[in-house]
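Spelled out, the chains give:
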Amino acid sequence: MYLKSYFVQLGKDILIRFPKKIVRFFSYLAEMSRFRNKNDNRFTVRTKDIYPCLKDTITNTPFDPHYTYHPAWAARILAQTKPAYHVDISSILSFSTIVSAFVPVRFYDYRPADLHLDNLESGFADLTQLNFQDNSIPSLSCMHTIEHIGLGRYGDKIDPQGDIRSISELKRVLQPGGDLLFVTPVGMPKIEFNAHRIYSYEQVIEYFAPLSLKEFSLITDERVMIRNADPALVKEQQYGCGCFWFKK
């Protein structure tokens, strides 16, 4: 699937996008000339300083639906649960930095972030061997991460069971009554090596047993976020994003 998509995009770049860039560049030169003619001389407009941005004249702001919607989903849950503190394991860093404005956050990653903000701690963690006591964390998240573990993409060792080991660790450290926010690609199960795994809904529920599912939400291939989604929709996705709120 990826190779087909790659060659389709390559063909579009050569046959469509590159000619458009040439046309857009000449338009850019004309715009710069008009700006110079109207310049109020508060700033110089020198040729050596030009910085052409040729791809931003679009109608709508582009965004990655997975990485825009799932942190927003998780932040809304934390605003609802109001934990005393929250632990995040290797989710997108912007989630922890923003949430730490209203909840103390401890962020851990296999590749630690040299990050300094009030209300935010940052450190190292190996998901397959978390250095936390059993039943110790009341509020926990691990989002768009498990699908990579054991594939070597981020310098971790090759381990086909890496995701299973990591899930066992998340279950182990979660406090009874605690909340776990878990996000992963969903659809027809497969590995697209070495990028990620894609899971079925049933696989995720099985792997996280005996935790109870409080909410399942879905970001579809059509870029739509569905809160409290019908799990049957997962079978219709190639690369959906499943958002699971578990309780222990």
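Residues numbered from 1 in each chain as written. Predicted model: local features only at pLDDT ≥ 70, side-chain atom pairs only at ≥ 80, totals over all residues. Heavy atoms only, no water.

A. View of a negative patch on the surface. A cluster of acidic residues, D221, E222, D230 and E236, forms a negative patch at the surface. Note on placement: E222 falls in the loop between β8 (212-219) and β9 (225-226). Residue class for E222 comes out exposed when judged on its relative accessible area of 59%. (Patch = residues over 30% accessible without salt bridge, like charges linked within 9 Å, V, L, I, M, F, W, Y side chains within 5 Å. Areas by Shrake-Rupley, 256 points an atom, 1.4 Å probe, with all protein chains shown as cover. Salt bridge = Lys/Arg side-chain N within 4 Å of Asp/Glu carboxyl O. Lys, Arg positive; Asp, Glu negative; His and termini not counted. Charge placed at Lys NZ, Arg CZ, Asp CG, Glu CD. Helix = DSSP H or I, 4+ residues; strand = E, 2+ residues; numbered from the N terminus. Buried < 20%, exposed > 50% of the residue type's maximum accessible area, 1.4 Å probe, protein only.)

B. The arrangement of the pairing of β8 in detail. Sheet topology places β8 next to strand β10 (residues 240-247); 7 bridges connect them, and they run antiparallel. Of the residues in β10, the one forming a bridge with S212 is K247. Relative to β9, β8 runs antiparallel, the two sharing 2 bridges. Within the sheet, the bridge partner assigned to L218 lies in β9 and is I226. In textbook terms, the turn of a hairpin is the stretch between consecutive antiparallel strands, and for β8 and β9 this stretch comprises 5 residues, one of which, R223, has a positive phi near 70°. (Pairing = 2+ DSSP bridges.)

C. The side chain of T184, seen in detail. Note on placement: T184 falls in strand β5 (residues 174-186). Classification of T184 by relative accessible area gives buried; the value is 0%. With near-sequence residues (within four places) excluded, T184 lies in contact with E147, Y199, V204, G240, C241, G242 and F244. (Contact = heavy atoms within 4.5 Å.)

D. Representation of helix α4 (residues 162-173) in the model. Helix length check: α4 (12 residues) gives 17 Å between terminal C-alpha atoms against 16 Å at 1.5 Å per residue, within 8%. Buried within α4 we find G162, D163, S166, I167, E169, L170, K171 and V173. Of the surrounding secondary structure, the elements contacted by the buried residues of α4 are β1 (86-89), β4 (137-143), β5, β7 (196-198) and α5 (201-207). (Expected span 1.5 Å × (residues − 1).)

E. Representation of the pattern of salt bridges. For the structure shown, the criterion picks out 11 salt bridges. E192 serves as the salt-bridge partner of K190, at 3.5 Å between the closest nitrogen and oxygen. Residue E202 is joined to K235 by a salt bridge in which the shortest nitrogen-to-oxygen separation is 3.1 Å. Of the two residues, E202 sits in helix α5 while K235 sits in the loop between β9 and β10, which places them 33 residues apart along the sequence. Note on E202: relative accessible area 41%, which makes it partly exposed. Via salt bridges that share partners, D134, E169 and R172 belong to a single interconnected network.

F. Spatial organisation of the nonpolar core. With 30 residues, the main nonpolar core has I89, L140, L170 and F208 as its most contacted residues. At the level of elements, β1, β4, α4, β5, α5, β8 and β10 are the ones that each hand at least two residues to this core. Per-element accounting of this core gives the leading share, 4 residues, to β5. Not counting residues up to four positions away in its chain, the partners in contact with F208 are I167, L170, K171, L180, F182 and F246. Counting residues in each nonpolar core, the second largest holds 19 residues, with F95, A113, L120 and L181 among its members. (Core = buried A, V, L, I, M, F, W, Y, C linked by side-chain atoms within 4.5 Å.)

G. Fine view of the packing of aromatic side chains. According to the stated counting rule, one finds 13 aromatic pairs in the structure shown. With 6.3 Å between their ring centres and 50° between their planes, F182 and F244 make a pair best called tilted. Here F182 is found in strand β5, whereas its partner F244 is found in strand β10, with 62 residues between them in sequence. F244 carries the same exposure label as F182, and that label is buried. Summarising the aromatic geometry, the rings of Y199 and Y207 are spaced 6.3 Å apart at their centres and angled 85° between planes, so their arrangement reads as edge-to-face. Under the relative-accessibility criterion, Y199 is labelled buried at 4%. An aromatic cluster of three or more residues is present, and its members are F182, Y201, F208, F216, F244 and F246. (Phe/Tyr/Trp six-rings, centres within 6.5 Å; stacked < 30°, edge-to-face > 60°.)

H. Main features of the sheet that holds β5. If you trace the 8 strands from one edge of the open sheet to the other, you get β3-β2-β1-β4-β5-β10-β8-β9, paired in mixed fashion. Where the open sheet ends on each side, the last strands, each with one partner, are β3 (120-124) and β9. Of the strand pairs in this sheet, β5 and β10 are connected by 8 bridges, and their pairing is antiparallel. Among the inter-strand pairings, V186 is bridged to a residue of β10, identified as G240. In the packing of helix α2 (residues 65-81) onto the sheet, contacts are made with β1, β4, β5, β8, β9 and β10, and the angle to β10 comes to roughly 20°. The strands touched by α4 within the sheet are β1, β4 and β5, with β5 carrying the most contacts at an inclination of about 155°. (Axes fitted to C-alpha atoms, helices over the stretch in contact; angles between N-to-C directions.)

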